[in-house]
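So you can see what is in the structure, the chains are spelled out below.
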Amino acid sequence: MRPLPIALCAALAVSGCSGLLPAAGPTASAVADGADIATDQGLFARYEIIDVDAATVEGLRGRPLDSLLASFGDRRPSVEPMIGVGDTVSVTIWEASTGGLFSGALSADRFSAGSKSAMIPPQIVTRDGAITVPYAGRIQVAGKRVQDVQAQIEQELAGKAIEPQVIVTVLQPASTAVTVTGEVTAGARIPLSTKGDRLLDVVAGAGGVRAPVSETFVRLSRGQTTATVPLTAVVSNPRENIYLRPGDTLTLVRDPQTFLAVGATGANFEIPFQAEGITLAQAIAKSGGLRDFQADPAGVFIFRFEPSSVVRRLRPASPLLGTPQVPVVYRFNLRDPNSLFVTQAFRMRNRDLVYVSNAPFTEVQKVLGVFSTITAPVAASASVYQSTR
């Protein structure tokens, strides 16, 4: 009697109970069968399982990605900035000769350019959009250009001062500032220059980025719209380096991108990647590839939560479309050579889980190991018994 076939047959018979054996995770068939679970009311969908091919990759490319250019445009601010509420404004008044309203009314320490001129103390533009000028009253300045305000004050003082000439200076242009916060060296409200400032100009004005560029995202809020893009996208694509507008809020967020590799891969742990992203082929390489004597090439899966809009494009009849985020399992068959091209086009996302199931024969090997562990003492005892006869 040959013991190997008997042991193999016994192992195959026992392999039906392999669910009792240790495992790194579900088999490929268990993942496929687990998408729906039987209940008293019928089948209940738990997740969508999608076989990935070129059409699937093309459908995923339609997933909307944030773009600063698409969200906000790139219009250069006006070269004629307007005075706004909150700005600090100073007014200097010249008269043609001494003895006028301002040259004679103010003490010498208030004179800024001789006895024929005087500077009104700096004042903040109030909520009504006005400032006060002696003998001219309340002057509306919000929403007006500096030269227009100068002409208005001169007109109000005509006949009161001696041929008045006025210069208005915005000392602190709070209304034309942007707020910069997050992973910058010095977060602050930064006034925009007259020529207009692009996003990277403002980041430089805040002292630069503290976190690594490859782990940093730019989050820009303007009104009710917010968009988030990798800083590397702004650096590498000049079209994303848009002009900022007064009132914008710019936040630099450090968010290291990672994916989890589990199952029959060379390394089972959380693996970081740069903000611009990687493909599945690169992710498999980073995780050490598939284990030769353990992995099932037809059982490579990506577990991910997808927006319902994406799932609707791939599975229009999915019963899970009623939730904002749909659990999706993408399945790859690496036994098909064409799938190697697909893995180079499939983009990984932050917090994805890559799972490689064990090959079916791996379960048989486990059963054989258990069987040999059980039978080894019996065989040893039989051998001792035969030697003592």
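Counting restarts for each chain: residues are numbered from 1 in the order of the written sequence. Local features in this predicted model are restricted to residues of pLDDT 70 or higher, and side-chain atom pairs are both shown and tallied only at a pLDDT of 80 or more, whereas totals for entire chains, interfaces and linings draw on every residue. With hydrogens and water excluded, all non-hydrogen atoms of the structure serve as input to the side-chain values.

What follows is about unusual backbone geometry. With a phi close to 40°, Glu163 is a non-glycine residue in the positive phi region. When you line up the elements, Glu163 lands in the loop between helix 6 (146-157) and strand 8 (165-172). Secondary structure is summarised from DSSP: a helix means a run of H or I of at least four residues, a strand means a run of E of at least two, and numbering begins at the N terminus for each.

Turning our eyes to something else, we now look at helix 6. Every helix has an expected span of 1.5 Å times one less than the residues it contains. For helix 6, with twelve residues, the first-to-last C-alpha span of 17 Å sits near the 16 Å given by 1.5 Å per residue. Three exposure classes are used, based on accessible area relative to the maximum for each residue type with a 1.4 Å probe and protein chains only: buried under 20%, partly exposed in between, and exposed over 50%. By the burial criterion, the buried members of helix 6 are Val149, Gln150, Ile153 and Leu157. Projection of helix 6 onto a plane perpendicular to its axis shows the buried side chains occupying an angular sector of 105°, all on one side. At the exit of helix 6 stands Gly159, carrying a positive phi of roughly 85°. This arc corresponds to the set of directions leading from the helix axis out to the C-beta atoms.

For the rest of this paragraph, the subject is the pairing of strand 17 (residues 325-332). When DSSP finds two or more bridges between a pair of strands, those strands are recorded as paired. Pairing geometry for strand 3 (residues 48-51) and strand 17, over four bridges, is parallel. Pairing of Ile50 across the sheet is with Tyr330, part of strand 17.

Note on aromatic pairs: the rings of Phe, Tyr and Trp (six-membered ring only in Trp) are paired at centre separations within 6.5 Å, and the planes decide the class, stacked below 30 degrees, edge-to-face beyond 60, tilted for the rest. Scanning the model with the defined rule gives six aromatic pairs in all. Judged by centre distance (5.1 Å) and plane angle (85°), the rings of Phe332 and Phe346 are edge-to-face. In this pair, Phe332 sits in strand 17 while Phe346 sits in the loop between helix 11 (338-345) and strand 18 (352-358), placing the two residues 14 residues apart along the sequence. The pair formed by Phe332 and Phe346 is uniform in burial state, with each residue classed as buried. Linked through ring pairs, Phe301, Phe303 and Tyr355 together constitute an aromatic cluster. The ring of Tyr243 is capped by Arg198, whose NZ or CZ atom sits 4.0 Å from the centre of that ring. Lysine NZ or arginine CZ positioned within 6 Å of the ring centre and within 35 degrees of the ring normal marks a charge as sitting over the ring.

What follows is about the pattern of salt bridges. Between side chains of opposite charge, a pair can form as their charged atoms come close. Any Lys or Arg side-chain nitrogen located within 4 Å of an Asp or Glu carboxyl oxygen qualifies as a salt bridge. Taken as a whole and assessed by the stated rule, the structure comprises 13 salt bridges. A salt bridge links Glu48 to Arg315; the shortest N-O distance between them is 4.0 Å. Here the residue Glu48 occupies a position in strand 3, and Arg315 occupies one in the loop between helix 10 (308-314) and strand 17, the gap between them amounting to 267 residues. By relative accessible area, Arg315 is classed as partly exposed at 30%. Arg145 is the salt-bridge partner of Asp148, the closest N and O atoms lying 3.0 Å from each other. Here Arg145 falls in the partly exposed class, since its relative accessible area comes to 28%. Through salt bridges with shared partners, a single ionic network connects Arg304, Glu306 and Asp352.

Now for the sheet that holds strand 4 (residues 88-94). An order of 5-4-8 is seen for the three strands of this open sheet, with the pairing classed as antiparallel. Two strands lie at the open edges of the sheet, namely strand 5 (117-124) and strand 8, each paired on one side alone. Ignoring which end each strand starts from, the neighbouring axes of this sheet average 20° apart. Should any heavy atoms of two residues lie within 4.5 Å, those residues are considered in contact. Every axis in this analysis is a line fitted to C-alpha atoms, fitted for helices over the stretch in contact. Angles between the N-to-C directions lie between 0 and 180 degrees. Sheet strands in contact with helix 6 are strand 4 and strand 8, and its direction is about 135° off that of strand 8.

What follows covers the environment of Met348. The residue Met348 is located in the loop between helix 11 and strand 18 in this model. Sequence-wise, Met348 and Ile278 are 70 residues apart; in three dimensions their C-alpha atoms are separated by 5.8 Å. Discounting residues that sit within four places of it in the chain, Met348 has contacts with Phe259, Ile278, Thr279, Leu280, Ala283, Ile302, Arg304 and Val354.

Right, let's talk about helix 3 (residues 54-61) for a bit. Residues Thr56, Val57, Gly59 and Leu60 constitute the buried set of helix 3. All buried residues of helix 3 project into a common sector of 160° when viewed along the axis, lining one side. Residues of helix 3 that are exposed and point more than 90 degrees away from the buried face comprise Ala54, Ala55 and Arg61. Where helix 3 is buried, its residues contact strand 3, strand 16 (295-307), helix 10, strand 17 and helix 11. Two N or O atoms form a polar contact when they lie within 3.5 Å of each other; inside protein one atom must be a possible hydrogen donor and the other a possible acceptor, and for residues adjacent in sequence the pair counts only when both atoms belong to side chains. At the N-terminal boundary of helix 3, the capping side chain belongs to Asp53, with an oxygen 3.2 Å from the backbone nitrogen of Ala55.

With that settled, the discussion passes to the sheet that holds strand 12 (residues 225-230). Spatial strand order, 10-9-13-11-12: five strands in an open sheet with mixed pairing. Every other strand in the sheet has two partners, leaving strand 10 (188-191) and strand 12 as the edge strands with one partner each. Within this sheet the neighbouring strands show an average axis-to-axis angle of 20°, counted without direction. Strand direction decides the pairing type here: strand 9 (residues 177-182) and strand 10, joined by four bridges, are antiparallel. Bridging across to strand 10, Thr179 finds its partner in Arg189.

Function cannot be read off these values alone, since they describe shape.
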